[in-house]
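Listed below, chain by chain, are the residues.
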Amino acid sequence: MKNVIFIAPPAAGKGTQSANLESIGYEHISTGDMLREEIAKESEIGLVVKDIIAKGNLVSDEIVFKLITNKLSNLDKPFILDGFPRTIKQAELLDELLNNLNINNYEVIYLDLSMEDAIKRALGRLTCNKCGASYNKYYEALQPIQEGICDKCGNSLETRSDDNEESFKVRFNTFITNNEPIKEFYNNKNKLHNVDATLSSDEITNKIKDILK
Ligand code: AP5
Ligand code: MG
């Protein structure tokens, strides 16, 4: 199976699509989730990144690249990268790492979503800190059966510290500033695929599966 790299604005559906693909045997590697785990553990990294993430700013390339290197160097499954690379420097570091690991069978999926749609998704998002499931109060198909409770594990649902209008705008603008050179980098390698992220979650998954065939 081909490996997958998602590049997409905040709340475009990277996590949702990764969860859909996990069921067919992928390892989901989300830098955002890894950093939130560090915050929950109150580790050294967690203490450094807590405020940076809440404000919607990027963590340093060094911190995230270390997390990614550890994960990718110890894998026995095809992977999905969700949230990495986010700067051209990260794309170059990843390229070097994949070359060293002899990995070239990957595709880069760009989930294309406007700021207007993305902000609605971010402000409506509810997440389960126990099992990682994600819901949305603004979309009927994505609401939990019982309000505020995770369908999968029964835990209470929460709003992420960066899912407020102010942090969202920082995240979105940071994405817009950094993303063009990353797209160009992968386009030059003939790896880039554009997917319309306004479609339903299942339609998007089917389009991604077609690209990975
Ligand atoms: P991260 O956790 O990666 O946040 P993000 O990029 O802002 O993306 P999100 O997780 O918000 O959105 P998503 O695309 O996963 O969407 P989801 O599927 O949840 O990063 C957080 C922070 O960590 C960063 O801001 C930064 O500080 C730091 N960080 C992480 N990586 C870094 C890096 N490489 N370098 C530096 N710093 C880094 O969907 C969103 C909502 O929409 C959900 O409610 C979902 O149910 C709903 N939804 C999903 N699909 C659909 C659909 N098709 N239709 C309608 N609703 C949908
Ligand atoms: Mg996510």
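Going by the structure above, here's the rest.
Residues numbered from 1 in each chain as written. Chains lettered and ligands numbered in written order. Predicted model: local features only at pLDDT ≥ 70, side-chain atom pairs only at ≥ 80, totals over all residues. Heavy atoms only, no water.

Asker: Teacher, can you tell me more about helix α6 (residues 115-124) here?
Answerer: It helps to recall that an α-helix has 3.6 residues per turn; residues three or four apart then point in one direction. Among the residues of α6, A118, I119, R121, A122 and G124 are the ones counted as buried. Elements in contact with the buried residues of α6: β5 (125-128), β6 (134-136) and α7 (165-187). (Buried < 20%, exposed > 50% of the residue type's maximum accessible area, 1.4 Å probe, protein only. Helix = DSSP H or I, 4+ residues; strand = E, 2+ residues; numbered from the N terminus. Contact = heavy atoms within 4.5 Å.)

Asker: Whenever I open this one, the packing of aromatic side chains confuses me. Can you help?
Answerer: In this description, a pair of aromatic rings is defined by centroid distance and the angle of the planes. Applying the stated criterion across every chain, the model contains 5 aromatic pairs. Ring plane angle 85° and centroid distance 6.3 Å describe the contact between Y106 and Y186, whose orientation is recorded as edge-to-face. Residue Y106 is located in strand β4 (residues 106-112), and its partner Y186 is located in helix α7; the two are separated by 80 residues in the primary sequence. You can call Y106 buried: its relative accessible area is 2%. An aromatic cluster is built from Y106, F185 and Y186, whose rings are joined through pairwise contacts. In this arrangement the basic side chain of K191 is found over the ring face of Y106, its NZ or CZ atom lying 4.3 Å from the centre. (Phe/Tyr/Trp six-rings, centres within 6.5 Å; stacked < 30°, edge-to-face > 60°. Lys NZ or Arg CZ within 6 Å of the ring centre and 35° of its normal.)

Asker: Got a minute to help me understand the packing of helix α5 (residues 88-100) against α7 in this structure?
Answerer: A packed helix pair is summarised by two numbers, namely the angle formed by the two axes and the spacing between the axes. Packing of α5 against α7 leaves a shortest axis separation of 8 Å and a crossing angle of 30°. Viewed along their axes, α5 and α7 adopt a mutual orientation that is roughly parallel. For the pair α5 and α7, the contacting residues are I88, A91, E92, L94 and D95 in the first and P181, I182, F185 and Y186 in the second. (Axes fitted to C-alpha atoms, helices over the stretch in contact; angles between N-to-C directions. Parallel < 35°, antiparallel > 145°, perpendicular 65-115°, else oblique.)

Asker: Before we go on, may I ask you to explain unusual backbone geometry in this structure?
Answerer: Leaving glycine aside, a negative phi is the common case for residues, and trans is the common case for peptide bonds. Geometrically, the link from F84 to P85 is a cis peptide bond, its omega value of 5° lying close to zero. Positive phi, close to 70°, is recorded for A11, a residue that is not glycine. By the secondary structure assignment, A11 is in the loop between β1 (3-7) and α1 (14-22). Despite not being glycine, E42 shows a phi value in the positive range, around 55°. Of note, E42 is situated in the loop between α2 (31-41) and α3 (44-55).

Asker: Hey, could you run me through the side chain of Q17 in this one?
Answerer: Structurally, Q17 is set in helix α1. Relative accessible area serves as the criterion here: at 2%, Q17 is assigned to the buried category. Within the local environment of Q17, its side chain forms a polar contact with the side chain of T205, the two groups lying 2.6 Å apart. Setting aside chain neighbours within four positions, we find Q17 in contact with F6, L111, S201, I204, T205 and I208. (Polar contact = N/O pair within 3.5 Å; in protein donor to acceptor, adjacent residues only side chain to side chain.)

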